[in-house]
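What the coordinates show
Chain by chain, the residues run as shown.
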Amino acid sequence: MSHRIYNFNPGPAALPLPVLEQAQGELLNYRGSGMSILEVSHRSAWFDEVLNDAVARTKRLLGLDERFRVLFMQGGASLQFCLAPMNLSAGDKPLDYVDTGTWSTKAIKEARIQGKNVRVIASSEDRNYTYIPTDIPVDEEAAFLHITSNNTIRGTQFREFPKAEKVPLISDMSSDIFSRRFDPSPFGLIYAGAQKNAGPAGVTLVIVREDMLERVPAELPTMLKYTTYAEKNSLYNTPPAFAIYITGLVLKWLEEEIGGLERMEEINRRKAELLYGYLDAQDFYRGTAEPASRSWMNVTFRLPSEELEKAFIEEAQRNGLGGLKGHRSVGGCRASIYNAMPLEGVEALVNWMKDFAAKNG
Ligand SMILES: *Cc1c(COP(=O)(O)O)cnc(C)c1O
């Protein structure tokens, strides 16, 4: 087989090799259909099984009870920034947001565009989004409280979610869904572009609690209503069938090869501890997120100069470690170590970092 690198790209990101191999193996003839899964009807029994299997695996992995609906939509997490306030406002109650950087800032902007009563009740802008605010003043009178569980660009992550009882939590979990266990019951809505930690680009996973669907205004356009997707099992129109199929294979890998979320969380913890442990043990590289807020998914760091960062990223690529460039808005370096990145990949990265520091430090 041709040479594959350790892929640290932030998204689209690495997919598990067994998933790619299975997709390759059944690409021309899906389970005796004589057709590719790319070619079958989305109303066929073949696709029905693909879709229902992906829904069932999502529910099992996350421990979702019968109150939760699992939907597959398009438009990315970015469309959800608009749809969440459009669908779930509950009259003129305030919409509360925590601003932890780029993606949450964009979510806030989309609610404001709609003229909603938006309140930013906590923010980490004062220290350049390098941390997750604690002491979030949860107001039970708000329609919802929106957070971004993992901040892909800044490398910060909520370790614990705000304590919300009566106010439904909404989370953009694009870059850490399926990375760890959590209690889903306080969440009214969870959404995630699949291309970080769940599958390929082109599908957005949406988990909505049934009581939230009662809020959806009847007069919204059909394709912008969560109820349309919930009532038709994501089959009102043609869904992104291939992306759902690949996502289903990723979830199967997670359940059957990794052994579920508890095991995945343990592996992710070990990967993160290895990399942060190294960052803390030397002073050539400098982590940018405050230690208590560090992400287990996106590890952001700087080198002593931008010239060294450029050399580091290019030489790493030549040595089989790809995608280490930081987001263009913040610069620096970033290693995205999602579920599909094995521990050996992080070990290879740390060894490479040691070599590079020894040569250039
Ligand atoms: C990548 C990302 C987005 C944007 O996702 P799209 O699917 O490209 O719209 C939003 N939120 C977070 C946390 C992300 O990592």
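Residues numbered from 1 in each chain as written. Predicted model: local features only at pLDDT ≥ 70, side-chain atom pairs only at ≥ 80, totals over all residues. Heavy atoms only, no water.

With an unreviewed UniProt entry as reference, the protein is termed Phosphoserine aminotransferase, source organism Desulfacinum hydrothermale DSM 13146. According to the UniProt record, the Subunit (unreviewed entry) comment for the protein reads "Homodimer." In its Sequence similarities (unreviewed entry) section, the UniProt entry covering the protein states "Belongs to the class-V pyridoxal-phosphate-dependent aminotransferase family. SerC subfamily." (UniProt positions renumbered as here; feature names shortened; annotations may be inferred.)

Glancing now at helix α4 (residues 102–113). Between its first and last C-alpha, α4 extends 16 Å over 12 residues, near the 16 Å set by a 1.5 Å rise per residue. Listed as buried for α4 are Ser104, Ala107, Ile108 and Ala111. Projected down its long axis, α4 shows its buried positions confined to an angular sector of 100°, all on one face. α4 presents Lys109 and Ile113 as exposed residues on the side facing more than 90 degrees away from its buried surface. At its buried positions, α4 is contacted by α3 (76–88), β3 (95–99), β4 (118–123), β5 (144–148), β6 (150–151) and β9 (187–193). Just past α4, the residue Gly115 takes up positive phi, approximately 75°. (Helix = DSSP H or I, 4+ residues; strand = E, 2+ residues; numbered from the N terminus. Expected span 1.5 Å × (residues − 1). Buried < 20%, exposed > 50% of the residue type's maximum accessible area, 1.4 Å probe, protein only. Arc of directions from axis to C-beta. Contact = heavy atoms within 4.5 Å.)

What follows covers the sheet that holds strand β14 (residues 333–336). Pairing in this open sheet of three strands is antiparallel, and the strands run β11-β12-β14 from one edge to the other. The sheet is open, and its two borders are formed by β11 (286–287) and β14, each paired with just one other strand. Pairing between β11 and strand β12 (residues 298–302): two bridges, direction antiparallel. Residue pairing in the sheet places Gly287 in a bridge with Phe301 of β12. (Pairing = 2+ DSSP bridges.)

For the rest of this paragraph, the subject is the environment of Ile37. By secondary structure assignment, the location of Ile37 is in the loop between α1 (17–25) and α2 (45–62). Given a relative accessible area of 1%, Ile37 falls into the buried group. As a C-alpha pair, Ile37 and Ala23 span 14 residues in sequence and 9.3 Å in three-dimensional space. Filtering out sequence-adjacent residues up to four positions away, Ile37 remains in contact with Leu27, Tyr30, Val50, Phe242 and Tyr245.

Moving on: the packing of α3 against α4. At a minimum axis separation of 8 Å, α3 and α4 run at an interaxial angle of 45°. Relative to α4, the element α3 is oriented oblique. You can see that α3 and α4 cross each other, and the crossing is right-handed. Here Ser78, Phe81, Cys82 and Pro85 of α3 come into contact with α4, specifically with Trp103, Lys106, Ala107, Glu110 and Ala111. When grouped by side-chain class, the residues that make up the contact of α3 with α4 number six nonpolar, one polar and two charged. (Axes fitted to C-alpha atoms, helices over the stretch in contact; angles between N-to-C directions. Parallel < 35°, antiparallel > 145°, perpendicular 65-115°, else oblique. Left-handed = near helix turned anticlockwise from the far one by under 90°. Nonpolar A, V, L, I, M, F, W, Y, C, P; charged D, E, K, R; others polar.)

Right, let's get into the site of the ligand. Every one of the 13 residues lining the ligand counts as a neighbour, but Ser78, Thr152, Asp172, Gln195 and Lys196 are closest to it. Between the ligand and Lys196, the relevant distance is 2.6 Å, taken from an oxygen atom to a side-chain nitrogen or oxygen of the residue. The protein chains hide 87% of the 390 Å² of surface that the ligand would expose on its own. By residue number, the principal contributor to the shell around the ligand is α3, which donates four residues. Here the residues of the shell around the ligand are counted per class, giving three nonpolar, eight polar and two charged. (Near = heavy atom within 4 Å. Polar contact = N/O pair within 3.5 Å; in protein donor to acceptor, adjacent residues only side chain to side chain. Areas by Shrake-Rupley, 256 points an atom, 1.4 Å probe, with all protein chains shown as cover.)

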